[in-house]
Structure formats: structure tokens, C-alpha cells
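Structural description and commentary
What follows is the residue order along each chain.
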Amino acid sequence: MSQASLQTVTGPISPDELGPTLMHEHLQIGFPGWEADSLRPGPNAAERFSICVDRIEEMKSQGITSMLDPCPSDLGRDVEFMARVAQKTGFRIVCATGLYKQSEGGAPYWNFRSNFGPQVDAMAELFVRELTEGVGDTGVRAGIIKVATGTGALSDYDRAILEAAAKAAVETGAPITTHTDQGTLGDVQQQIFTEAGVPAHRVIIGHSCGTSDNAYHLKIARAGSYLGFDRFGLESVHPDAERVASLVKLIQVGAGDRLVVSHDTVWCWRGEPFPPPVLAAMGEMWSPTHFSQHIVPQLKDAGVSDAQIETLLVDNPRRFFAGEKLRALA
Ligand SMILES: [Zn+2]
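To start, this report covers the structure provided alongside it. Here the structure is a predicted model, which means the values were calculated and not measured.

Moving on: unusual backbone geometry. If you check the backbone angles, Gln-182 has positive phi at about 50° while not being a glycine. Along the chain, the position of Gln-182 falls in the loop between strand S8 (176–179) and helix H6 (186–195). Backbone geometry at Leu-185 places phi at a positive 70°, although glycine is not the residue there.

Structure representation (C-alpha cells):
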């Protein structure tokens, strides 16, 4: 039994209680500005509730018992909604504090605020509060910090949210998970966190499956962080066949203890960022049961054992949240 406790939207648990866990799925996402689109509000609250309950029942039918919804604070997050869904389904949901990348998050607000005080401090203050006391007056506490970077060189804003995440993680001991684009800048994220004093094993470099670059994967794995292979089914971003091949390679060299899996599905969009035909074309594969139904058989065909698959789904999320150290990887 680990001593550490972990905050879910319905209260603290031991990481041992997680069971098979998907480490990156979303009940709902709203890009800042969605509120203005009165023409296309998206599904109403009752519709969203029933969509999310159905999705979770599908996951439960595949043996999944817990998930992390790493929606940052500025992307349409609603922790009370998450708690209602968790209560209804008896499912464990961990929510996040944090901020999204400059191009698609709440940058205008935080840039405006920075006219009147240090930006990193203001962001970190929010993260710490949501981790230790709760989100607003909901009493729901975040269990992790989520931050993100875009493509190309790291922007000043994206550096600020990474530094704020590191500051809050050092102060509270909370873990961090990230978004990366096209499998880039994950190594830079890792360096910023660890140089600020965050232990590498408290970090998941998310969407690492956006590239098949084995050297990039190994660099992050050897430096002691987890890699998120967390976009299975998102063929439009990177093909699953490549994700499977990259995952197998990492397991073969002994990095299977630092990989977490998921799909990054979004069950309800606020507003209508994708025209319905585009969303439909993203297909049935972009489902939170895709890994269990379609990827596990492919891994087995490639020689991955049941025990190694259990490590991905059960042991690694537990060890990550428990804050246990990872062994050195040759
Ligand atoms: Zn995501």
C-alpha cells in the first residue's frame, strides 16, 4: 500500500486503488472564445452528462476503472461536472490545474495581467491554490498540473506556463503532465522542469507518440520521465501503426516502466470548433475503448506480453501518482 494519496474529483484515494487507467481523455473541451458562438453552442448540459456517462460505461465494459482528464484551467474545464459524472458512474476521475499553450489557451488574460505583476508568480499562485484548496469554491482539488507547448521555438508565454508549473510542483509535490505538438519540445519541457527542481519521474511528456523518432523518445526516457503514448486512434495526427511500432521498440529496450497510454478523446466540445462532418470523419477509432479493443491485439501480435500490457495500464499510472522513483535506463 503506497503512503501517498491522490486527489480525484470525488476525493482522495491511494494510487493502489486506480486499477487500469487511461492517462489522457477529456469529458469536454472549450477553446477560449467558444462562449461567444451563440450560433453553435454545442450540446446542452443534460446531453453532455449523458454522453460522458455512456463513454465511461463503455470504458468500464473494457475493464478500465480510472482516468485522468488533463483539461487545463483555461480550456472549458468544469470540475463539478466531472464530479457529477464520476459519482453517477462510480468511476475515478483525476482533474488538472494548469494552462494551455499560447496559440489555443487563455493567453490574452494572463498577458494582460502581466502588466501589473510577474506572470509566472500569478500563474503558479492559481495552480497551487487549485491543488491544495480546490478550484474556486467547489472544494474539488486538482491532482496534477497540465501545461502545453506548440511547434517551433518555445514562445515566452509557453516558457512562462512551464516555469509556473515547475514552481507549483516544487511547492506542492504535485506531478505534471504535458501537451506537445508533433513530438517536439518534450525534451525542452523536461529540462525546464528538472532544472527548477521537479524530479523527472514526476513528469509525463504527453503526446510523445506524435513522432516515431526513437532517439527523441529514448532521450526523455533515459532522463527519467514518463512518455505519453496517449493519442491512439488519432490517425490524422500520426498513424497508429507507427505508434505501435515505437511503443514496442521502447518496451524492447526496457522502457516499458515509463510509458502511459490513452487516446486524447474529447467527448463533448463546447461551441462547435469542428464542423460536424470533420468530426465524424475522425472516425470511430477515436474512442476511449480503442486501445483495449484494437491496440492490445496488435501489441500481442508484436510479442508484447499480458504482463507488459498490464504494466502500461496499471503499474505505471500507480507508480507515477505514488511518486516512486524509476530505475536507471541503460
Ligand atoms: Zn488532451
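Here helix H1 (residues 45–61) contains 17 residues, and its C-alpha end-to-end distance of 24 Å stays within 8% of the 24 Å for a straight helix at 1.5 Å per residue. All buried positions along H1 are accounted for by Arg-48, Cys-52, Val-53, Ile-56 and Met-59. An end-on view of H1 places all buried positions within 130° of arc, on one side of the element. Facing away from the buried side of H1, by more than 90 degrees, are the exposed residues Ala-46 and Ser-61. Looking at the buried side of H1, the elements it contacts are strand S3 (21–22), strand S4 (26–29), strand S5 (66–69), helix H2 (79–89), strand S6 (92–98) and strand S12 (266–269). Sitting at the amino-terminal end of H1 is Asn-44, which places a side-chain oxygen 3.1 Å from the backbone nitrogen of Ala-46. One or two positions beyond H1, positive phi appears at Gly-63, with a value near 90°.

Where H6 meets helix H7 (residues 214–222), the axes come as close as 10 Å, and the angle between the chain directions of the two elements is 15°. Accordingly, the angle class assigned to the pair H6 and H7 is roughly parallel. For H6 against H7, the interelement crossing comes out left-handed. Contacts between H6 and H7 involve Gly-186, Asp-187 and Gln-190 from the former and Tyr-216, Lys-219 and Ile-220 from the latter. Of the residues in the contact of H6 with H7, the class split is two nonpolar, two polar and two charged.

Our focus in this paragraph is the coordination of the zinc ion. All of the protein donors around the zinc ion are His-24 (NE2), His-26 (NE2) and Asp-264 (OD); their distances to the metal are 2.1 to 2.2 Å. Spacing between the donor residues of the zinc ion along the chain follows H-x1-H-x237-D. Taken together, the residues His-26 in strand S4 and Asp-264 in the loop between strand S11 (259–261) and S12 connect sequence positions 238 residues apart. The buried category is assigned to His-26, whose relative accessible area is 3%. On the basis of relative accessibility, which here comes to 7%, the residue Asp-264 falls in the buried class.

Reading guide: rules and limits
- Residues numbered from 1 in each chain as written.
- Predicted model: local features only at pLDDT ≥ 70, side-chain atom pairs only at ≥ 80, totals over all residues.
- Heavy atoms only, no water.
- Helix = DSSP H or I, 4+ residues; strand = E, 2+ residues; numbered from the N terminus.
- Expected span 1.5 Å × (residues − 1).
- Buried < 20%, exposed > 50% of the residue type's maximum accessible area, 1.4 Å probe, protein only.
- Arc of directions from axis to C-beta.
- Contact = heavy atoms within 4.5 Å.
- Polar contact = N/O pair within 3.5 Å; in protein donor to acceptor, adjacent residues only side chain to side chain.
- Axes fitted to C-alpha atoms, helices over the stretch in contact; angles between N-to-C directions.
- Parallel < 35°, antiparallel > 145°, perpendicular 65-115°, else oblique.
- Left-handed = near helix turned anticlockwise from the far one by under 90°.
- Nonpolar A, V, L, I, M, F, W, Y, C, P; charged D, E, K, R; others polar.
- Donors = N, O, S within 2.8 Å, 3.2 Å for Na, K, Ca; no water.

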